[in-house]
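Observations on chain architecture
The primary structure of each chain is shown beneath.
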Amino acid sequence: MQKGTSFGAPCLLENTLAQMVIAAVPSIEMVRFVNSGTEACMGALRLARAFTGKPKIIKFEGCYHGHADSLLVKAGSGVATLGLPDSPGVPKAATSDTLTAPYNHISAVENLFHHHKGDIAAVILEPVVGNSGFILPKPDFLAAIRKITEENDSLLIFDEVMTGFRLAYGGAQEYFGIVPDLTTLGKIIGGGLPVGAYGGRRNIMEMVAPAGAVYQAGTLSGSPLAMAAGIETMKIIREPGSYEYLDKITGELVNGIVEAGKRAGHPMCGGHINGMFGFFFTEGPVNNFADAKKSDAHKFARFYWGMLEEGVYFAPSQFEAGFTSLAHTPDDIQFTIAAAHKVLSNI
């Protein structure tokens, strides 16, 4: 901060953080810093279309990839929370090349590739859904999508804005062993400050200006303040035992809440991977957005307000995953579970 917070020009700290991201994330050989996850996904999709020469993309129902026009189709996050069908102000032309399929539904993706043969530039997905609540991929889903994209000369984009560095140091792609062509990352790589990034194979990323012809720029991109915070965050989370600790406290938290709910007579299910978790007010299983919508949102709202009164702040939506932090202590977890028992008993 003493040196200045923004110069509108690259700084050496970008190189340092870039090298750390490249070393950590299996798919990333080159990386471009931006200001948000939304911007990262916009840049990745433009690049995918340029690289493949194809116009269409596939996204999954309930997955949220930012508020760019072409992505506000059957989106999750706040769009799902507020019950908005799609966003007013988005012209039909902006979404005409956006195709959708249910998450975890391989045959639906195969059908889209069959009906739009030669036109699909990329499939973009959350490797673990966080914007319809916490939804895991079925065991064969990610591998099948990787195979389908390779067979059709299309790119696979992992939106790791939520999963990046939370599931593992190398993100969901390290955790599941599936390497995409491009990856998007969010504010976690800046210690929570405004930053995002997209990266991938060198031969794809070299198309981005100034090395190539695909234009993307931002005066505040690669802010030295965000880069400094990101470097320190990366140092902390790669220390031995970080993910084991997150797994322990998150597992205790989710199991404690779901158990409290079931004892109080509420149908509930939940799950976690290391620092990412979620639970639903339904028996489950929850494999896609349609399943998530079966959750009792009114009951979740009562739970949310009750927990807030007890001093615990969850995301104010059934359709948002939760995250634990290395800053959370075992006492914080037990406090939260005790509060959940009290609140769930009174719903």
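Residues numbered from 1 in each chain as written. Predicted model: local features only at pLDDT ≥ 70, side-chain atom pairs only at ≥ 80, totals over all residues. Heavy atoms only, no water.

Per an unreviewed UniProt entry, the protein carries the name glutamate-1-semialdehyde 2,1-aminomutase and comes from Stylosanthes scabra.

**Describing empty space enclosed by the protein**
As enumerated under the stated definition, the model contains one cavity of 30 Å³ or more in all. Taken as a whole, the largest cavity encloses approximately 30 Å³ of empty space. Looking at the largest cavity, the residues that line it are Ser-6, Phe-7, Gly-8, Ala-9, Thr-219, Ser-221, Gly-222, Ser-223 and Pro-224. (1 Å grid on protein atoms, 1.4 Å probe; cavity = no way out; pocket = protein on both sides within 12 Å on 5 of 7 lines; lining within 4 Å. Points joined across faces, edges and corners; volume = space filled by probe spheres on them.)

**Some words on the side chain of Ser-154**
Looking at where Ser-154 falls in the secondary structure, it is placed in the loop between helix H6 (141–151) and strand S5 (155–159). The exposure class of Ser-154 is buried, given its relative accessible area of 5%. A distance of 2.5 Å separates a polar atom in the side chain of Ser-154 from the backbone oxygen of Ile-120. When neighbours within four sequence positions are excluded, Ser-154 is seen to be in contact with Lys-54, Phe-113, Ile-120, Ala-121, Ala-122, Arg-146, Thr-149 and Asp-181. (Helix = DSSP H or I, 4+ residues; strand = E, 2+ residues; numbered from the N terminus. Buried < 20%, exposed > 50% of the residue type's maximum accessible area, 1.4 Å probe, protein only. Polar contact = N/O pair within 3.5 Å; in protein donor to acceptor, adjacent residues only side chain to side chain. Contact = heavy atoms within 4.5 Å.)

**Describing the environment of Lys-293**
Examined against the element boundaries, Lys-293 turns out to sit in the loop between helix H11 (289–292) and helix H12 (297–309). For Lys-293, a relative accessible area of 52% corresponds to the exposed category. Sequence-wise, Lys-293 and Phe-51 are 242 residues apart; in three dimensions their C-alpha atoms are separated by 36 Å.

**Quick notes on the sheet that holds strand S3 (residues 98–101)**
What the seven strands build is an open sheet, ordered S1-S7-S6-S5-S4-S2-S3; its pairing is mixed. With one partner strand each, in any of the chains shown, strand S1 (30–34) and S3 form the two edges of the open sheet. The average angle at which neighbouring strand axes cross in this sheet is 20°, direction not considered. Bridge count for strand S6 (residues 182–185) against strand S7 (residues 196–200) is four bridges, and the pairing is antiparallel. Paired with Leu-185 across the bridge in S7 is Ala-197. Here helix H2 (residues 37–52) sits on the sheet in contact with S1, strand S2 (56–60), strand S4 (120–125), S5, S6 and S7, set at roughly 165° to S6. (Pairing = 2+ DSSP bridges. Axes fitted to C-alpha atoms, helices over the stretch in contact; angles between N-to-C directions.)

**Considerations on the confidence of the model for the protein**
Overall, the prediction assigns the protein a mean pLDDT of 94, with 96% of residues at 70 or greater. Confidence drops under a pLDDT of 50 for residues 81–85, and excluding neighbours within four residues, the segment shows five contacts in the predicted structure. (pLDDT = per-residue confidence, 0-100.)

**Thoughts on the packing of aromatic side chains**
Using the criterion set out here, one finds 15 aromatic pairs in the structure. Centroid distance Phe-60 to Tyr-103: 5.8 Å. Interplanar angle 85°. Geometry classified as edge-to-face. Of this pair, Phe-60 sits in strand S2 while Tyr-103 sits in the loop between S3 and helix H5 (106–115), and the two are 43 residues apart along the sequence. In this structure Tyr-103 comes out as buried when scored by relative accessible area, which is 1%. Between Phe-300 and Phe-303, the ring centres sit 6.2 Å apart and the planes meet at 45°, which makes this aromatic pair tilted. Placement of the pair is Phe-300 and Phe-303 together in helix H12, with a separation of three residues, close to one helical turn. Of the aromatic side chains, those joined through ring pairs into one cluster are Phe-279, Phe-281, Phe-300, Phe-303 and Phe-314. (Phe/Tyr/Trp six-rings, centres within 6.5 Å; stacked < 30°, edge-to-face > 60°.)

**Focus: the sheet that holds strand S10 (residues 322–323)**
Sheet architecture is open: three strands sit in the order S8-S9-S10, paired in antiparallel fashion. Every other strand in the sheet has two partners, leaving strand S8 (269–273) and S10 as the edge strands with one partner each. Pairing of S8 with strand S9 (residues 276–280), which is carried by five bridges, proceeds in the antiparallel orientation. In the sheet register, Ile-273 faces S9, and the bridge partner there is Met-276. Along the sheet face, helix H10 (residues 242–263) touches S8 and S9 and points at about 175° away from the line of S8.

**What about the pairing of S4?**
Within S4, six of the six residues are buried, which leaves it mostly tucked inside the rest of the structure. Sheet topology places S2 next to S4; three bridges connect them, and they run parallel. Residue pairing for S4: Lys-56 is matched across the bridge by Ile-120. Note: S4 against S5, four bridges, orientation parallel. Within S5, the position partnered with Val-123 by the bridge is Leu-156. For the handedness criterion, the β-α-β arrangement of S4, H6 and S5 is classed as right-handed. (Right-handed = clockwise from strand over helix to strand, strands pointing away.)

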